[in-house]
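Residues per chain, in single letters:
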Amino acid sequence: MTASMPGPRPRAALAMFPDTAAAVLDADSLTALAGLCDLAPLPVLDDLTTSRARTALADADLLVTGWGCPPLDADVLRAAPRLRAVVHTAGSVRGHVTDACWERGIEVSSAAAANAVPVAEYTLAMILLTGKRVLESARGYRASRTGPDWLRTPRTVGNHHRTVGILSASLIGRRVIDLLRPHDIEVLLHDPCVDDGEARVLGVERVGPAELFRRSDTVSVHTPLLPGTRGLVGRELIDAMRPDAVLINTARGAVVDQEALTDAVLAGRIRAVLDVTDPDVLPSSHPLWQCDNVLLTPHLAGSQGNEWRRLADLALSEIARWACGEGFRHPVRRERLGFLA
């Protein structure tokens, strides 16, 4: 679909959980949004079947969506005959942008590029911290209350010439590669969609999955969860990892065979940093909670706190471009959905 043409101010409505709006869209962001659009009265819409929602949808040229937006199915679109664009203030649009939207030719943008920033920063931090064995050293220091014997530090500790394997050159995976460039680290990449020429541009060595897991001191998973990637990191790949290697997962828990990973970390063979698990919150009896070789964090790598403003700012920038006919800088294309989370 071609870019929207300049004209009257677009009419917009917010569709997301109320808590999402309160977190992501602060007063300044709402003021800026109102400066770009004629905004439907608050509160935000989290049920698109109500009479209030149908009134707002009837006039909407644009929906600004967030976590908790209901599916924009054919019934919703029948109530929104003017709707031409959806700007999502988070990453994946799979939960609410349906086939009916693509068939209508509705333009879609998301803030996935903004959300990639803190995930990549978290990943870099964990690569460097685990390379120095910071968490283990801090735990031992607290227990012993004595200083380390610096000259007896094993040569396996440190980040000099460490090898990091990136599984998938996704938006986040590519940003991690960028952040690793200033460091004295060799980067391997497995992504079947990246050829040797692109790998050279990225500054990485392109390898197969088995070689990536076998050679890497740290493997960082950035593969979106799709039907073909569920359980992609299986027992064979996990068993191929070097002794004391680290698996970092900030993608989705189900990309990794969690049983195989649990066996490996409980045996003390490898370490893991898991910001995601399957399910998202493990049962309280799960052995990973008690495993010293695992750092579990509660899905905090993505945007939180003051990082939400980055999501809002990107969405506002996209709305401004669209409203003046320039088109989205971060469009979501239907043909790319098979490669996106």
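Conventions and cut-offs
- Residues numbered from 1 in each chain as written.
- Predicted model: local features only at pLDDT ≥ 70, side-chain atom pairs only at ≥ 80, totals over all residues.
- Heavy atoms only, no water.
- UniProt positions renumbered as here; feature names shortened; annotations may be inferred.
- Pairing = 2+ DSSP bridges.
- Helix = DSSP H or I, 4+ residues; strand = E, 2+ residues; numbered from the N terminus.
- Contact = heavy atoms within 4.5 Å.
- Axes fitted to C-alpha atoms, helices over the stretch in contact; angles between N-to-C directions.
- Salt bridge = Lys/Arg side-chain N within 4 Å of Asp/Glu carboxyl O.
- Buried < 20%, exposed > 50% of the residue type's maximum accessible area, 1.4 Å probe, protein only.
- Domains from an automatic or database assignment.
- Parallel < 35°, antiparallel > 145°, perpendicular 65-115°, else oblique.
- Nonpolar A, V, L, I, M, F, W, Y, C, P; charged D, E, K, R; others polar.
- Polar contact = N/O pair within 3.5 Å; in protein donor to acceptor, adjacent residues only side chain to side chain.

Per an unreviewed UniProt entry, the protein chain carries the name 2-hydroxyacid dehydrogenase and comes from Streptomyces toyocaensis. Taken from UniProt, the Sequence similarities (unreviewed entry) comment for the protein chain reads in full: "Belongs to the D-isomer specific 2-hydroxyacid dehydrogenase family."

J.: Help me understand the sheet that holds strand β9 (residues 218-221), please; the structure alone is not making it clear to me.
T.: For sheets, the rule is that strands pair by backbone hydrogen bonds, running either parallel or antiparallel. The strand order across the open sheet built from 7 strands is β8-β7-β6-β9-β10-β11-β12, with neighbouring strands paired in parallel fashion. A strand with exactly one partner marks an edge of an open sheet, and here the two such strands are β8 (205-206) and β12 (294-296). Bridge count between strand β6 (residues 162-167) and strand β7 (residues 185-190): 6 bridges; the pairing is parallel. Each bridged residue has a counterpart across the sheet, and for I166 the counterpart in β7 is L189. Helix α8 (residues 171-180) contacts β6 and β7 of the sheet and is inclined by roughly 160° relative to β6.

J.: It is not clear to me how the pattern of salt bridges should be interpreted in this structure. Could you clarify?
T.: Side-chain pairing between opposite charges can occur once the charged atoms of the two side chains come close. In the structure shown here, the tally under the stated rule is 23 salt bridges. A salt bridge links D59 to R11; the shortest N-O distance between them is 3.7 Å. Taken together, the positions of D59 in helix α3 (residues 51-59) and R11 in strand β1 (residues 11-15) put the pair 48 residues apart, joining distant regions of the chain. Between D263 and R235 there is a salt bridge, with its nearest N and O atoms 3.0 Å apart. Of this pair, D263 sits in helix α12 (residues 258-266) while R235 sits in helix α11 (residues 235-239), and the two are 28 residues apart along the sequence. In the salt-bridge network here, residues are joined through shared partners; they are R133, E136, D244 and R271.

J.: Just checking my understanding: could you explain unusual backbone geometry for this structure?
T.: Among all residues save glycine, negative phi is the norm, and among peptide bonds the norm is trans. Each neighbour pair has its own omega, and for L42 with P43 the value is 10°, a cis peptide bond. Position of P43 among the secondary structure elements: in the loop between β2 (38-39) and α3. With omega at 5°, the peptide bond leading from D278 into P279 counts as cis. Within the secondary structure, P279 is located in the loop between β11 (271-274) and β12. A positive phi angle, near 60°, is found at H161, a position not held by glycine. By the element assignment, H161 lies in the loop between α7 (134-144) and β6. Residue H161 is classed as exposed on the basis of its relative accessible area of 55%. For D244, which is not a glycine, the phi torsion comes out positive at approximately 75°.

J.: Mind showing me how you'd approach the domain arrangement of the protein chain here?
T.: Frequently, the measure chosen for interface size is the accessible area that the parts lose on association. Along its sequence, the protein chain is organised into domain 1 (11-105 + 305-336) and domain 2 (116-296). The centre of domain 1, based on its C-alpha atoms, is set 35 Å off from the matching centre of domain 2.

J.: Can you help me understand the packing of helix α2 (residues 27-36) against helix α13 (residues 308-323) in this one?
T.: When two helices pack together, you describe them by how their axes are tilted relative to each other and by the distance separating the axes. In contact at an axis separation of 10 Å, α2 and α13 are set at 5° when each is read in the N-to-C sense. Taken together, the axes of α2 and α13 are roughly parallel relative to one another. Counted together, D28, S29, A32, L33 and L36 of α2 and R309, A312, L316, I319 and A320 of α13 form the full contact between these two elements. Of the residues assigned to the contact of α2 with α13, the class counts are 7 nonpolar, 1 polar and 2 charged.

J.: Would you mind showing me how to read the side chain of T297 here?
T.: Among the structural elements, T297 can be located in the loop between β12 and α13. Within the structure, T297 has its side chain in polar contact with the side chain of D275 (distance 2.6 Å).

J.: When you look at α12 in this model, what are you seeing that I'm missing?
T.: It helps to recall that an α-helix has 3.6 residues per turn; residues three or four apart then point in one direction. Residues of α12 that are buried include every one of Q258, A260, L261, T262, A264 and V265, and no others. Among the structural elements, α11, β10 (246-249), β11 and β12 are those in contact with the buried residues of α12. In the segment just after α12, G268 is the residue with positive phi, at about 80°.

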